[in-house]
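Topology and contacts: notes
What follows is each chain in one-letter form.
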Amino acid sequence: MSLKQLSKLVADGEKEESEALARELLAQGTDPIEILDDLTRTMDRVGELFANLDIFLPEIILAGEALTAVVDIVKPKLKSTQRLPSKGKVVIGTVKGDLHEIGKNIVKLMLETNGFEVKDLCYDVDPLDFIKAAEEIGADFIGASSLMTTTMPRQQEIIEFLKDKGLRGKYKVVIGGAPTTQIWADKIGADLYCEDANCAADKMVAIST
Amino acid sequence: MTTAYRVWEMMERSKTGPHIEEDDFLPKLFTPTLKKLITKYEIKFDPETPLPSDDAMADRIWQAGWDLFRKVGIYNTDSHRIIQVSDEEIKEALYVAKDRYWVGAGKDAKLWKHRQVEDTEPPFCIYSPDITVDEHLHHSMCAAYLKEPLLDGFCAPILENAVGQLIESGGPTEINGCIQHIYNMRAAARQLGRPGTFFVAVGTAEHDSGQIAVSDNEWGVRTTDSRLVGTLTEFKTANTLLNRSVHYAQYGCYTGNLTGPIYGGWCGGSEGIAVTLVAYSLNGLLIHGAMFNQHFPFHLNWGSNTTRELLWSIAMAGQAMARNSKLLYTSNGFANAGPMTEMLFYETACHALVSTVSGWHLWEMASTRNKYRNRATPMEARLGVEVGHAVANMGMKREQANEIALKMLATYEDEAATASKGKEYQECYDVQKALPTPEHYDMYRRVKDEIADMGVEFPF
Ligand code: B12
């Protein structure tokens with residue numbers, strides 16, 4: 001029984017076995033932080049495999065679920081001085097009028113596997129609903145996806161409504177989707193533009209510090 | 001009616017079917033069922049053979065697609081319920097579906113017939129740039145495509161602006177844009193002397209209201225034309241989509257079901273894509289009453305389907321449907337490279353070759369990962385369609401087509417991730433005359449000659 005085995009079980013998406021092994025490791029006195037650090041590295045590797053399509057979406061999702069299950073077991077064992085490395089809360093959705101959700105789903109997944117807490121509002125989401133949800137969960141980021149030039153104005157509206165409500169400073173607005181660009185992000189005053197899901201987590205960490 | 005039957009029953013079932021959370025539908029129902037079926041039916045991708053000649057596997061893929069559709073059903077994201085059908089209903093729908101339809105009007109009407117594997121009958125060829133275009137280029141591009149001699153059907157580029165206003169989904173500007181879209185198509189078809197050409201229209205309609213606004217036999221989309229209804233990837237629908245199906249059926253035009261299973265996504269790899277393509281044809285037939293299915297499987301990272309992992313799925317799904325049904329279905333090419341690159345010509349040719357020999361009809365060609373405005377021209381579609389006609393006329397066998405496909409793949413496959421974006425329409429076409437520039441034409445001719453040297457006997 002070792003961290004190495006746990007790492008393999010999580011990567012393979014074996015949820016129940018991962019949970020059992022995590023419990024055993026804790027009982028033997030393994031430092032919870034060490035488990036979490038190790039699993040973070042595992043998920044980085046799994047993320048890379050998926051980025052190259054050496055594994056497919058269902059596999060990385062299973063790995064993510066196994067990871068979440070282990071984190072839920074390990075978290076209560078952390079000493080009060082140890083902090084779980086949460087990178088922030090994100091509200092994400094595809095904007096109103098737009099049914100394209102695949103890219104958004106992948107971004108959500110990559111953020112979750114990288115230690116963000118994500119609330120998914122699905123697709124065809126009204127600009128005001130992004131803000132409502134962000135307020136409700138105390139989000140750090142609002143992520144808006146648009147796949148059509150005809151729905152890109154809804155990304156701008158999120159930012160305009162945030163200003164109208166005096167909330168602009170409270171959230172970092174991140175945008176993406178095939179027709180969007182850095183130029184568009186600058187024009188509407190978004191905090192961040194990401195071309196793909198792979199770079200989203202790192203870039204979001206960079207702007208939150 | 002086409003095969004649109006039981007519209008009311010489908011509406012009812014989408015409200016009364018079994019409930020499941022949307023988040024659970026794909027990971028807990030769709031993907032595990034698909035994986036089990038791939039194992040049960042022993043379906044195996046072989047990268048060495050992008051175009052296999054394995055009849056027994058084709059038949060197993062058909063059965064797996066049938067089982068997938070029946071066992072999983074289609075999820076309505078508005079009602080949070082699954083629309084399910086029985087084996088008996090699938091059999092009935094397949095029996096009732098006709099193997100041929102007259103489409104288009106008057107002297108321009110065409111008979112669109114089911115094809116077999118290695119059929120000597122040329123494919124029905126729908127030309128489509130699959131892309132958005134600047135407003136001032138729209139009419140010219142419509143004309144350029146409608147000039148194509150082998151065109152059987154036409155789907156026009158999409159407008160982002162109309163009368164100088166940005167089109168916004170679901171709003172009045174969209175209605176305006178949709179009307180402009182069909183006007184430009186009709187005007188170009190009339191000017192070119194083929195006013196009754198079969199249209200698939202209008203792509204500018206993102207909302208159901210936009211589609212419904214252009215149904216008119218006098219000035220709009222006619223009952224002799226077709227319209228698309230998308231299926232959400234994978235196996236999902238929504239009321240805004242069912243609204244279209246019901247409207248198309250009641251208006252009386254031909255319905256096409258648009259589906260794009262994703263390699264690397266919920267379907268997994270090549271095997272999953274092949275099975276899902278078959279299942280999607282049944283979905284189109286039963287849920288939407290579609291007279292044809294328009295399939296664009298694509299690679300999650302590249303947004304293309306001209307590399308071997310996707311060509312294999314296209315080949316196998318085509319053969320599965322050709323051998324086991326009398327349905328009509330188009331193979332929609334998605335290329336990595338952009339216009340006026342040799343790579344785009346080769347990608348299109350290879351896609352058309354594999355599809356045609358496997359029993360598909362053609363829908364060519366989305367270029368540049370289907371992503372960039374103005375980046376498509378009729379020339380790549382022309383070459384693809386000419387390859388389709390050539391290999392059908394020759395009655396080319398799968399083994400020979402596989403050899404040629406491997407030669408074509410060798411010219412571009414390594415560049416899938418890094419392909420050039422090429423040029424925009426106005427850089428390689430004379431916009432006023434709607435004709436290719438000499439340089440563009442020469443490149444097309446050169447690649448066509450090289451392909452002829454590989455063993456494709458073009459009729460002209
Ligand atoms: C698949 C697809 C569909 C599927 C969608 C299925 C689904 N459930 O999502 C279906 C068939 C339903 C569909 C329907 C339509 N589509 Co469509 N579709 C596509 C296609 C081919 C691929 C999109 C995709 O999923 N790509 C794969 C994912 C992984 O990539 P991605 O979305 O770009 O996401 C990545 C990045 O952009 C980024 N990202 C994305 N979002 C975000 C958000 C944040 C916060 C961050 C940080 C990053 C980020 O990370 C992602 C992962 O790396 C695109 C073409 C294209 N190349 O984009 C057309 C495209 C988007 N569609 C288009 C059109 C026109 C339509 C229809 C109107 C067709 C019709 N006439 O019916 C309808 C519209 C329905 C509607 N109201 O939304 C046009 C839009 C044109 C425009 N006006 O701009 C496109 C661009 C095709 C084209 N070139 O013309 N479509």
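Just so you know, these numbers come straight off a predicted model, no measurement behind them. (Residues numbered from 1 in each chain as written. Chains lettered and ligands numbered in written order. Predicted model: local features only at pLDDT ≥ 70, side-chain atom pairs only at ≥ 80, totals over all residues. Heavy atoms only, no water.)

**Some details on the interface of chain A and chain B**
Bring the parts together and some accessible area is lost; that lost area is often taken as the interface size. Note the following rule: Note on definitions: a residue-residue contact is assigned when non-hydrogen atoms from the two residues lie within 4.5 Å. Note on definitions: buried area is the accessible-area loss of two parts on being combined, 1.4 Å probe, summed for both. A pair is scored as a salt bridge if a Lys or Arg side-chain nitrogen falls within 4 Å of a carboxyl oxygen belonging to Asp or Glu. Whenever two N or O atoms come within 3.5 Å, that pair is a polar contact, provided that in protein one can donate a hydrogen and the other can accept it, and provided that, for residues adjacent in sequence, both atoms are side-chain atoms. Helix and strand definitions follow DSSP, with helices as H or I runs of at least four residues and strands as E runs of at least two, each counted in order from the N terminus. Throughout, the ten residues Ala, Val, Leu, Ile, Met, Phe, Trp, Tyr, Cys and Pro are labelled nonpolar, Asp, Glu, Lys and Arg are labelled charged, and all others, Gly among them, are labelled polar.
Between chain A and chain B, the contact holds 22 residues from the first and 27 residues from the second. Note on chain A versus chain B: buried area summed over both sides is about 2,100 Å², and carbon and sulfur give 63% of it. Between the two partners, chain A and chain B, sit three salt bridges. Lys236 of chain B serves as the salt-bridge partner of Glu101 of chain A, at 3.1 Å between the closest nitrogen and oxygen. Counting the contacts that link chain A with chain B gives nine residue pairs in polar contact (both at pLDDT 80 or more). Elements represented by at least two residues in the side of chain A that touches chain B include exactly α3 (32-51), α4 (57-74), α5 (102-113) and α7 (152-164) of chain A. Considering each element in turn, the side of chain A that touches chain B owes the most residues, four residues, to α4 of chain A. Looking at the side of chain A that touches chain B, its residues break down into 14 nonpolar, five polar and three charged.

**Comments concerning the layout of surface pockets**
To find the voids left in a structure, one rolls a probe of water-molecule size over its atoms. Put simply, the rule reads: Put plainly, a pocket is an open set of points on a 1 Å grid over the protein atoms alone with protein on both sides within 12 Å along at least five of seven lines, a cavity is a set where a 1.4 Å probe fits but cannot get out, and a lining residue has an atom within 4 Å of a point. Grid points are joined across faces, edges and corners, and a volume is the space filled by probe spheres set on the points. Domain borders in the structure are assigned automatically or taken from a domain database.
Taken as a whole, the second largest pocket spans an internal volume of roughly 1,200 Å³. As for the second largest pocket, its lining consists of 41 residues, of which Gly64, Thr68, Glu112, Thr113 and Phe116 of chain A are closest to the centre. Breaking the lining of the second largest pocket down by element, the ones donating at least two residues are α3, α4, α5 and β2 (117-120) of chain A together with α2 (22-40) of chain B. Per-element tally for the lining of the second largest pocket: the top contributor is α4 of chain A, with nine residues. For the lining of the second largest pocket, the residue count by class is 16 nonpolar, eight polar and 17 charged. Residue assignment places the lining of the second largest pocket across two domains, with domain 1 (3-79) and domain 2 (88-208) of chain A each supplying three or more.

**Concerning the domain arrangement of chain A**
All names here are of chain A. Considered domain by domain, chain A is made up of domain 1 (3-79) and domain 2 (88-208). When each unit is reduced to the centre of its C-alpha atoms, the spacing between domain 1 and domain 2 is 27 Å. Facing the nine residues of domain 1 at the interface are six residues of domain 2. Where domain 1 abuts domain 2, roughly 550 Å² becomes buried across the two surfaces, and 80% of that area is made up of carbon and sulfur atoms. Together, Met43, Phe50 and Ile60 form the three largest contributors to the area buried by domain 1 at its contact with domain 2, with a combined 45%.

**What about the site of the ligand?**
Rules: By convention in this text, a residue qualifies as near a molecule or strand provided that one of its non-hydrogen atoms is within 4 Å of it.
Residues in close proximity to the ligand total 41 residues, the closest being Leu99, His100, Glu101, Ser145 and Thr149 of chain A. Chain contributions to the surroundings of the ligand come from chains A and B. Leu99 of chain A places a polar main-chain atom, nitrogen or oxygen, 2.8 Å from an oxygen atom of the ligand. At a separation of 3.3 Å, a nitrogen atom of the ligand approaches a polar backbone atom of Thr233 of chain B. Elements that contribute at least two residues to the shell around the ligand include exactly α5, β3 (141-145) and β4 (172-176) of chain A. When residues in the shell around the ligand are grouped by element, the largest group, four residues, is from α5 of chain A. The residue makeup of the shell around the ligand, split by class, is 20 nonpolar, 13 polar and eight charged.

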